Amino acid sequence: MLRGPGHLLPAPVALAAALAAALFSSLARCSFLEPREPVASALSPYFGTKTRYEDVNPRLLSDPEAPRRDPELLDGTCTPVQLVALIRHGTRYPTAKQIRKLRQLHGLLQARGPGDGSLGAALANWPLWYADWMDGEVVAFFTCSFDLAIKGVKSPWCDVFDIDDAKVLEYLNDLKQYWKRGYGYTINSRSSCILFQDIFQHLDKAVQQKQRSQPVSSPVVLQFGHAETLLPLLSLMGYFKDKEPLTAYNYKEQMHRKFRSGHIVPYASNLIFVLYHCKNAKTPKEEFQVQMLLNEKVLPLAHSQETVSLYEDLKNHYKDILQSCHTNEECELPKVNSTSDEL
C-alpha cells in the first residue's frame, strides 16, 4: 500500500499513479536538452509538426517540471486503473538531404557577402552546426524552429519571415498533413483502425480483470510513434474536423481552422486514455468510465463535447471502427483484370 493525499492507495493503483506521474514529468522534459532560460520566437505558434511541446503548453517554458493536474480529471470515488498512452517522439534533427540543401543556401549567402543589410551578414555568420548523421527535416523556415527546439536559441533565420509569412507556411504544412494524414481521404484515417482496436483491447482486458476482482496486469501501456501516427488516429476518432476541407484556395476562410497540426501534434505530443473504476456506481454500466487527454489536457469527446464517457457508451459510439474496420480490407489494392477480351 502507498499513501496518496489523505488516504492509502492499493498497490496496482499506486503503480499506475506513480507511472503516470513519471510519464507526465518526462513529457515535460522531452523538448529540453538542458536547463536554460526560456527562449521564444514570434513565429513559434506556426511551425506545424516542428512545434515545440512547450509552445503548446506555455507553462513549461518557465518551469518544465512543475506538477500540474487538469481540473477536469475525475476524482473522488473514481480511481484510474489503467492508462493507455500513444506518444510522439521528442525534438529531432533534420535529414542529411535537407542539411545539404541548407549548406548550399548558407554557402550562397556567404559568397554574396553581407550586402547593405545586417540580416544578410547575420545569416552568413550564423554557425551551421548540423551534421550528416542527424535525422529529421528542415527547410529555411524550419531552421528557426530547429535552432529553437534543439539548442534553445533564436537564430537570425527567425528574422527572415514575418508573422504573415509564418501563417502561410504553417497552412502549407497543414495542407500536406490534412491530405496525407488527416481528412483529405478516408483511407488516411481508416489505416489506423488496427491501432485504435489495439487500444481498446487493452482497455477491455483491464475491465474484465477488474470485474473478476483480479489486479490489472498492465496498469500503464505506452506506445510510441510519430506525428503521422497520431494525426490519422485523431482523425479516425473525429477530432479537429473543419466544416470545409482545407485547400490551396481557401486560406483566408481557414484562418480559424481546427486542423492546426502544430497545436495538435507538436514534438512529444501524447494521447492518453484513462480508464476509471467507480466504486459507488449506481449501475454496472456506470462502473467503468473513460477520459482522454491530449498533450496533458482533458480532451472533450468529439461527438458530445463531454469530458468523460461511460466506457460502454464510448465503445458503442465507435462500434463501426471496433467491429467493422479491417485494415486488410481497407488497404486492399483494387484487383486488375489482366485478361484480354479482344476477339
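Each value, and the rule that gives it
- Residues numbered from 1 in each chain as written.
- Predicted model: local features only at pLDDT ≥ 70, side-chain atom pairs only at ≥ 80, totals over all residues.
- Heavy atoms only, no water.
- Buried < 20%, exposed > 50% of the residue type's maximum accessible area, 1.4 Å probe, protein only.
- Helix = DSSP H or I, 4+ residues; strand = E, 2+ residues; numbered from the N terminus.
- Pairing = 2+ DSSP bridges.
- Salt bridge = Lys/Arg side-chain N within 4 Å of Asp/Glu carboxyl O.
- Disulfide = S-S within 2.5 Å.
- Phe/Tyr/Trp six-rings, centres within 6.5 Å; stacked < 30°, edge-to-face > 60°.

Draft legend 1. Layout of the pairing of strand β3 (residues 78-88). Extensive coverage of β3 is indicated by the burial of 9 of its 11 residues. Note that β3 and strand β5 (residues 270-278) share 9 bridges and pair antiparallel. Counted as the bridge partner of Pro-80 is Tyr-276 from β5. Sheet analysis places β3 next to strand β4 (residues 220-225), joined by 6 bridges and oriented parallel. Each residue of the ladder has a partner; that of Arg-88, found in β4, is Gly-225.

Draft legend 2. Region of interest: the pattern of salt bridges. Within this structure, the stated rule accounts for 10 salt bridges. Residue Glu-170 pairs with Arg-260 through a salt bridge whose shortest N-O separation is 2.8 Å. Residue Glu-170 is located in helix α7 (residues 163-181), and its partner Arg-260 is located in the loop between α10 (227-236) and α11 (261-264); the two are separated by 90 residues in the primary sequence. Judged by its relative accessible area of 3%, Glu-170 falls in the buried class. According to the relative accessible area criterion, Arg-260 is buried, its value standing at 18%. A single salt-bridge network, built from bridges that share partners, covers Glu-170, Asp-174, Arg-257 and Arg-260.

Draft legend 3. Region of the structure containing the pairing of strand β6 (residues 288-294). Among the 7 residues of β6, 7 are classified as buried, and the element is accordingly described as predominantly covered. Burial of β6 is two-sided: the residues Phe-288, Val-290, Met-292 and Leu-294 facing one way and the residues Gln-289, Gln-291 and Leu-293 facing the other way are all buried. Strand direction decides the pairing type here: β5 and β6, joined by 7 bridges, are antiparallel. Looking at β6, one finds that Leu-275 is bridged to Val-290. Here β6 pairs with strand β8 (residues 309-310) via 2 bridges, running antiparallel. The residue bridging Gln-289 from the neighbouring strand is Leu-310, located in β8. Here 2 bridges tie β6 to strand β7 (residues 297-298), and the two strands are oriented antiparallel to one another. Within β7, the residue paired with Leu-294 across the bridge is Lys-297. Between β6 and β7, which follow one another and run antiparallel, lie 2 residues, and Asn-295 among them has a positive phi close to 55°.

Draft legend 4. Molecular detail of the state of the cysteines. All told, the structure shown has 3 disulfides when counted by the stated rule. Between Cys-78 and Cys-278 runs a disulfide, and the two sulfur atoms are separated by 2.1 Å. Sign of the S-S torsion, about 110° for the bond between Cys-78 and Cys-278, identifies this disulfide as right-handed. Within this pair, whereas Cys-78 is found in strand β3, its partner Cys-278 is found in strand β5, the two being separated by 200 residues in sequence. Taking the relative accessible area as the measure of exposure, Cys-278 reaches 4% and is therefore buried. Here Cys-193 pairs with Cys-325 through a disulfide, and the sulfurs are 1.7 Å apart.

Draft legend 5. Just unusual backbone geometry, in detail. Even without being a glycine, Phe-240 presents a positive backbone phi close to 60°. You can see Phe-240 is positioned in the loop between α10 and α11. Overall, the relative accessible area of 23% leaves Phe-240 in the partly exposed class.

Draft legend 6. Focus on the packing of aromatic side chains. Using the criterion set out here, one finds 10 aromatic pairs in the structure. Consider the rings of Tyr-178 and Tyr-183, whose centres lie 6.4 Å apart with planes at 50°: the pair is tilted. Judged by its relative accessible area of 5%, Tyr-178 is buried. The interplanar angle of 90° and the centroid separation of 5.4 Å between the aromatic rings of Tyr-178 and Phe-259 together place this pair among those described as edge-to-face. On the criterion of sequence distance, the pair formed by Tyr-178 in helix α7 and Phe-259 in the loop between α10 and α11 is long-range, its members being 81 residues apart. The burial state of Tyr-178 is the same as that of Phe-259; both residues are buried. Through a chain of ring-to-ring contacts, the aromatic side chains of Tyr-178, Trp-179, Tyr-183, Tyr-185 and Phe-259 assemble into a single cluster.

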